[in-house]
Amino acid sequence: MSRRSFLKKTALASLGFTALGLPVLEANPFFANLPKVNRQRIVDRIAELAKFGQDERGHGFRVAYTTGDVEGRKWFMGLMEKAGLNPSIDAGGNIIGRRKGKNPSLKPIGFGSHIDMVPDGGNYDGTLGSLAALEVIEILNENKITTEHPLEVIIFANEEGGLIGSKAMVGKLTPEGLKQISQSGLEMAEGIRTIGGNPEDIKSAERKKGEVHAWLELHIEQGGILDAEGLQIGVVEGIVGILDVEVLVEGFANHAGTTPMKLRKDAMLAASKLTVAVNEIVTSIPGNQVGTVGKVEAHPGAYNVVPGKVILGLEIRDLSFDKIEDILGQIERKAKEIAAETQTSISFRREPSFNLPALTDSSLQQKINAAALALGLSTKQMQSGAGHDSQQMALIAPVGMIFVPSVGGISHSYNEFTKAEDMENGANVLLHTILAVDQEKS
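What comes next concerns the included structure. (Residues numbered from 1 in each chain as written. Predicted model: local features only at pLDDT ≥ 70, side-chain atom pairs only at ≥ 80, totals over all residues. Heavy atoms only, no water.)

1. Topic: helix H10 (residues 267–283)
Between the first and last C-alpha of H10 there are 25 Å, a value that for 17 residues agrees with the 24 Å anticipated at 1.5 Å per step. All of the buried residues in H10 are Ala267, Ala270, Ala271, Leu274, Ala277, Val278, Ile281 and Val282. Down the axis of H10, the sector holding all buried residues measures 120°, keeping them to one side. Its buried side turned inward, H10 meets strand S9 (241–250), strand S11 (290–299), strand S13 (309–318), helix H11 (321–342) and strand S14 (345–350). Two or three places before Met268, at the start of H10, stands the capping residue Asp266, its side-chain oxygen 2.9 Å from that residue's backbone nitrogen. (Helix = DSSP H or I, 4+ residues; strand = E, 2+ residues; numbered from the N terminus. Expected span 1.5 Å × (residues − 1). Buried < 20%, exposed > 50% of the residue type's maximum accessible area, 1.4 Å probe, protein only. Arc of directions from axis to C-beta. Contact = heavy atoms within 4.5 Å. Polar contact = N/O pair within 3.5 Å; in protein donor to acceptor, adjacent residues only side chain to side chain.)

2. Here we look at the sheet that holds S11
Taken in spatial order, the four strands of this open sheet run S11-S13-S9-S14, and their pairing is antiparallel. Each edge of the open sheet carries a strand with a single partner, namely S11 and S14. Each strand axis lies, on average, 20° off the axis of its neighbour in the sheet, ignoring direction. Inspection of the sheet shows S9 paired to S14 by six bridges, in the antiparallel sense. Counted as the bridge partner of Leu248 is Ser347 from S14. (Pairing = 2+ DSSP bridges. Axes fitted to C-alpha atoms, helices over the stretch in contact; angles between N-to-C directions.)

3. A few points about unusual backbone geometry
Excluding glycine, a negative phi dihedral is what most residues carry, and trans is how most peptide bonds are arranged. Cis geometry marks the peptide bond from His299 to Pro300; its omega dihedral reads 10°. Following the sequence through the fold, Pro300 ends up in the loop between S11 and strand S12 (305–306). Although it is not a glycine, Tyr65 sits at a positive phi angle of roughly 80°. Within the secondary structure layout, Tyr65 lies in the loop between helix H3 (39–50) and helix H4 (67–82). The class for Tyr65 is buried, based on a relative accessible area of 4%. If you check the backbone angles, His412 has positive phi at about 55° while not being a glycine. One can find His412 in the loop between strand S17 (399–404) and helix H14 (420–437).

4. As for the packing of H3 against H14
Their axes nearest at 9 Å, the elements H3 and H14 cross at an angle of 115°. Relative to H14, the element H3 lies roughly perpendicular. The handedness of the crossing between H3 and H14 comes out as right-handed. Residues Arg39, Ile42, Val43 and Ile46 of H3 lie in contact with H14, whose contacting residues are Ala420, Glu421, Met423, Glu424 and Ala427. When grouped by side-chain class, the residues that make up the contact of H3 with H14 number six nonpolar, no polar and three charged. (Parallel < 35°, antiparallel > 145°, perpendicular 65-115°, else oblique. Left-handed = near helix turned anticlockwise from the far one by under 90°. Nonpolar A, V, L, I, M, F, W, Y, C, P; charged D, E, K, R; others polar.)

5. With respect to the nonpolar core
Residues Phe111 and Leu430 are the most contacted members of the largest nonpolar core, which totals 56 residues. Apart from the residues within four sequence positions on either side, Phe111 is in contact with Ala133, Val136, Ile137, Leu151, Glu152, Val153, Ile154, Trp215, Leu216, Leu430 and Ile434. Leu243, Ile281, Ile285 and Ile338 belong to the second largest nonpolar core, which has 25 residues in total. (Core = buried A, V, L, I, M, F, W, Y, C linked by side-chain atoms within 4.5 Å.)

6. Topic: the pattern of salt bridges
Side chains bearing opposite charge may pair, as long as their charged atoms lie close to each other. In the structure shown here, the tally under the stated rule is 20 salt bridges. A salt bridge links Glu341 to Lys273, with the nearest nitrogen and oxygen atoms 3.2 Å apart. Taken together, the residues span a long stretch of sequence, with Glu341 in helix H11 and Lys273 in helix H10 at a distance of 68 residues. According to the relative accessible area criterion, Glu341 is exposed, its value standing at 53%. Salt bridges sharing partners connect three or more residues here, namely Arg41, Glu135 and Glu142. (Salt bridge = Lys/Arg side-chain N within 4 Å of Asp/Glu carboxyl O.)

7. What about the side chain of Ser182?
Relative to the elements of secondary structure, Ser182 occurs in the loop between helix H7 (175–179) and helix H8 (188–194). Here the side chain of Ser182 touches Ser184 through a polar contact of 2.7 Å, side chain to side chain. When near neighbours in sequence (up to four residues on either side) are disregarded, Ser182 contacts Tyr65, Asn158 and Met188.

8. Describing the pairing of S17
Of all six residues that make up S17, six are buried, and the element is covered over most of its length. Burial along S17 is two-sided: the residues Val399, Met401 and Phe403 and Gly400, Ile402 and Val404 are all buried. Both strand S7 (residues 214–220) and S17 contribute to a ladder of six bridges, which runs parallel. Within S17, the residue paired with Ile220 across the bridge is Val404. Sheet topology note: the strand S8 (residues 233–239)/S17 ladder contains two bridges and is antiparallel. Within S17, the residue paired with Val235 across the bridge is Ile402.

9. Remarks on the packing of aromatic side chains
All told, the structure shown has four aromatic pairs when counted by the stated rule. Between Trp75 and Phe76 the ring centres are 6.3 Å apart and the planes differ by 75°, which places this aromatic pair in the edge-to-face class. One exposure class covers both Trp75 and Phe76, and it is buried. Seen in terms of ring centroids, Tyr124 and Phe417 are 5.7 Å apart; in terms of plane orientation they differ by 85°. Their pairing is edge-to-face. With Tyr124 in the loop between strand S5 (109–114) and helix H5 (127–142) and Phe417 in the loop between S17 and H14, this pair connects stretches of sequence that are 293 residues apart. Since its relative accessible area comes to 10%, Tyr124 is described here as buried. Look at Phe417 and you get partly exposed, because its relative accessible area is 39%. The structure contains a cluster of three or more aromatic residues connected by ring pairs, namely Phe52, Trp75 and Phe76. (Phe/Tyr/Trp six-rings, centres within 6.5 Å; stacked < 30°, edge-to-face > 60°.)

Structure below.
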């Protein structure tokens, strides 16, 4: 009996359901006999990649399009070459390596993540999923396993700057987006050129819906739920939508010593009231939505001047697009009241980088859960509060995401850390899920 037929028969014999409502493949020999990843190789490569872009303090600064990013990508592509992936760079700057399958008529199974980081970022965000994807290929090579489907390892460009590479791949990177200034200080278009892409031919990077059989991404949780609950694997049910809004509060700049309190049109006072209102509105609604005022710029910015203008950076996240819109509407209505009360004006401008919520594929959730349980790992169905490239890939393919714990829930920080055992667990779940997905004939 072929491995494909065997898995199909045993899958039909599934008896139980987890607390998540996900079916379990009980005592399935297919999972028990699969190879395992090399933990030490992943750990060593995490440390090696961390060296690219380090600043004088030894902290990470592998920001997209910087020298550290360019050098780190070159190093990664070298490893892909050695693994037989023959990597190339598409017009959006994404690194793509392909491994042939037995059946060239089947669509590829894609998996990977990103290796760029935020300023002063950690060594696991994106990096783990990227190195685990490479590890999957190396384990298949070492065990002389050829999958039915072609496999594609994709390392997306500039995830941290607004999912730029994955947006290019799904046809959502606009001319306006190419003109945005990246964290490197370069326009996105110039940054893409720096890493070997071609912004003038950005359309050539686009994949159509149905061209990828499935997309899988392993990632650190970046939150503290798994760590706090002592769980090993998060089965992601969806990735929240992210709406960024620039809020302009305009009053009247005047002398702070001679302008009576009652006569002031203090933009900072209005901005402060609005910041408190954002928290009150977001917390008054049932659910897991979050709202943050994460940026404040006061002008002219002097001790002895009543602020005449304040710019706020407002962000709202939730799995429901409608809820995001409702929350913003409530904030805008409250802003009108605050503006009248403080004799200021408050206006809202949506940033073009809005990311729609994306639900993961239920069949992939089940396969991830089954693979984890067969490995003896505890699981939890959960949403992703952070944005990921998988959010964009969901527009063209079924998507699955695997989370592993972040110690203390710390991420986007030099102190970000995930234990070697958890990295190994996640990489094994990724490997086994890919092999389970490979049994599908379409």
